[in-house]
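Residue-level structure breakdown
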Amino acid sequence: MRVTNYSKKSASYGVPRRQFLNYMAMVSAIPFSSGHLLGKVNTSPKFSAYPFSLGVASGDPEPDGVVIWTKLASDPLELGGNGIDPEPILVKWEVSEDEAFTKVVQQGSEVAGPQLGHSVHVELSGLDSHRWYFFRFHAGSEVSPVGRTRTAPAMNVMPEKMKFAFTSCQHLESGYFNGYPHMQKEDLDIVIHLGDYIYEYAGIDKRVRKHIGKEIESLDEYRQRYSQYRLDEDLQEAHRVFPWLVTWDDHEFDNNYANLISEEEGISPEAFLARRMNAYQAYYEYMPLRKRSFPQGPDMKLYRKCRYGRLANFFVLDTRQYRTDQPNGDRQKPMTGKVFDPSATMLGREQENWLMSGMLKSDATWNVLAQQVMMAALNRGDEKGERYSMDQWPGYEISRRRLLRFFHERKIANPVVLTGDIHLNWVNDLQLDFKDPKSPLVGTEWVGTSMSSAGDGGNFIPEYERAAKQNDFVKWYNSNRGYVSCELTKDHWKTYFRATPYVTRKGAPIETKAVFMIEEGRPGAQLVSKV
Ligand code: FE
Ligand code: CA
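By convention here, each chain's residues receive numbers from 1 onward along its written sequence. Chains and ligands are labelled by the order in which they are written, letters from A for the one and numbers from 1 for the other. Given that the model is predicted, a residue must reach a pLDDT of at least 70 before its local features are reported, and side-chain atom pairs must reach 80 or more before they are shown or counted; all residues, however, enter totals for whole chains, interfaces and linings. Think of the side-chain values as coming from all heavy atoms in the structure, minus any hydrogens and water.

Points about the pattern of salt bridges
Each reported salt bridge corresponds to a side-chain nitrogen of Lys or Arg within 4 Å of a carboxyl oxygen of Asp or Glu. All chains considered together, the criterion is met by 36 salt bridges. One salt bridge in this structure joins Lys506 and Glu233, with 3.4 Å as the shortest N-O distance. With Lys506 in the loop between β22 (492-500) and β23 (511-519) and Glu233 in helix α4 (residues 233-241), the pair connects residues that are 273 residues apart, well separated along the chain. Owing to a relative accessible area of 41%, Lys506 belongs among the partly exposed residues under this scheme. Where salt bridges share partners, they join Asp60, Glu62, Arg292 and Arg304 into one cluster. Every helix listed is a DSSP run of H or I at least four residues long, and every strand listed is a run of E at least two residues long, numbered separately from the N terminus. Working definition: with a 1.4 Å probe on protein chains only, accessible area under 20% of the residue-type maximum means buried, over 50% means exposed, and in between means partly exposed.

As structure tokens, this is what we get:
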């Protein structure tokens, strides 16, 4: 099913280095380094149409700053340039304490270059901790919409509470993003996106909406796809009013990929890496990320930490880029053979070390993993035998056990796992040994459903009914679309599962399907209420 397992260590990925570099030079006409922008900077550009059509965003908050983002695009769906002349353009920015910009506290300028699709990432510093700010951009005589963002609390402060929402999987053709207008009305400190922000597939007729073009591969195609998604007014507005913490899953690049290995057979690693470089660059261009995540060819370091005072530490993970290939294909299988390969890894050694040492040093009440695929070992099988998803943590069982044992033995305070990917809500207690009902609980997992992927939902799914019943650690599951809100204090974590009854029409109401909580110091989910 898969191509050979190529060496994953060397910088040239087991491909002769010269051959690899030649290939990269061939596929990428645009110099990729952040180096100096060639040509004279245009300080008074004229645009064919409003250049801030993709709106504004912010992300990766710290106590003294945040990243503010925009991208010039007069014709955002134009393949290759977004309707902006291929020249460096001066973009000015302002940060204010008030929405009317009468109390501007910082201003400056950046050059938006064609190499990075005229995207602008400004890393602000020197701001006050834990407060709201407003920001906007200017290019020529044009002014962007006003964004709103919030810095994190000071490192040593215990905030009274925080509230955040998380979501994932927003397939544009499957439906409207009906959760976002409701999310915007919540009093949130951050929004977390766990991946499948776009889908890479070709446009298909007779769906709710239609992707432009074929399956995306080139940098311009990835850019056009991100523009198409970001033009969704509900998504764009959610970026405008909250800082986001983003990570990707597979569809930002290619379905169920693992490191260098395509889902499809017969793709050479050179071609796959070149495509990955395009995918990662477009992701960086469109997301409010710090320069530490700047892509290096086909690599991009997305795993990082976001601290919210002493209340919470968010470890944002990347379970795609460094993982070994799924054992025996990525479908459902019994837990045998390569599932127990001790060298198989979900995070890669470096990221796993970073995570464990970060958790050991953490003095936060809640230690949160913001990541992609389900960690609980959900047996989806039937009379014929047990079956587990090989694309999720149980396909990497030694990795999974090592992490859960680490939570337990090193007494990590309140580990909570946030998961996306599977377009369903699940509430799972994480047990040290899931085969032993008396085994200690070591953490709690909230699985968010999709924003739109898989359509309306809310239906009865026999396979999952059975799975929910036969796995004791499952506390609840639900098949509606929507998002999840979490409210944290030093004593409790409360989780609200928000559902939109449909996505095939715009403008759905919101319903809270269930509320669960965790008590500090007591792993496992407790039901508060459900409908
Ligand atoms: Fe998805
Ligand atoms: Ca996925």
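Text resumes after the structure shown.
Re the coordination of the calcium ion (ligand 2)
Here a donor is an N, O or S atom found within 2.8 Å of the metal, or within 3.2 Å if the metal is Na, K or Ca; sites may look incomplete because water is not among the atoms. Protein-derived coordination of the calcium ion (ligand 2) comes from Asp196 (OD), Asp249 (OD), Asp250 (OD) and Asp421 (OD), at a distance range of 2.3 to 2.6 Å. On the primary sequence, the residues serving as donors to the calcium ion (ligand 2) are separated as D-x52-D-D-x170-D. Between the calcium ion (ligand 2) and the iron ion (ligand 1) the interatomic distance comes to 3.8 Å, and Asp196 is a ligand of both metals. Of this pair, Asp249 sits in the loop between β11 (243-246) and α5 (269-286) while Asp421 sits in the loop between β17 (415-419) and β18 (425-431), placing them 172 residues apart in sequence. Note on accessibility: Asp249 and Asp421 belong to one class, buried.

A closer look at the sheet that holds strand β15 (residues 366-370)
With mixed pairing, the seven strands of this open sheet are ordered in space as β12-β13-β15-β17-β19-β18-β20. One side of each edge strand has no neighbouring strand; the edge strands of this open sheet are β12 (304-308) and β20 (474-478). Looking at each pair of strands side by side, their axes are set apart by 20° on average, direction ignored. Being paired, for any two strands, means DSSP has found at least two bridges between them. Sheet topology places β18 next to β20; four bridges connect them, and they run antiparallel. Each bridged residue has a counterpart across the sheet, and for Asn428 the counterpart in β20 is Val474. Helix α6 (residues 349-361) rests against β12, β13 (312-316) and β15 of the sheet, and its axis sits at about 175° to β13. Contacting β15, β17, β18 and β19 (441-447), helix α7 (residues 397-409) crosses the sheet at an angle of about 125° to β19. Between the N-to-C directions of two axes lies an angle of 0 to 180 degrees, each axis being a line fitted to C-alpha atoms and, for a helix, fitted only over the stretch in contact. Here, two residues are considered to be in contact whenever any of their heavy atoms come within 4.5 Å of each other.

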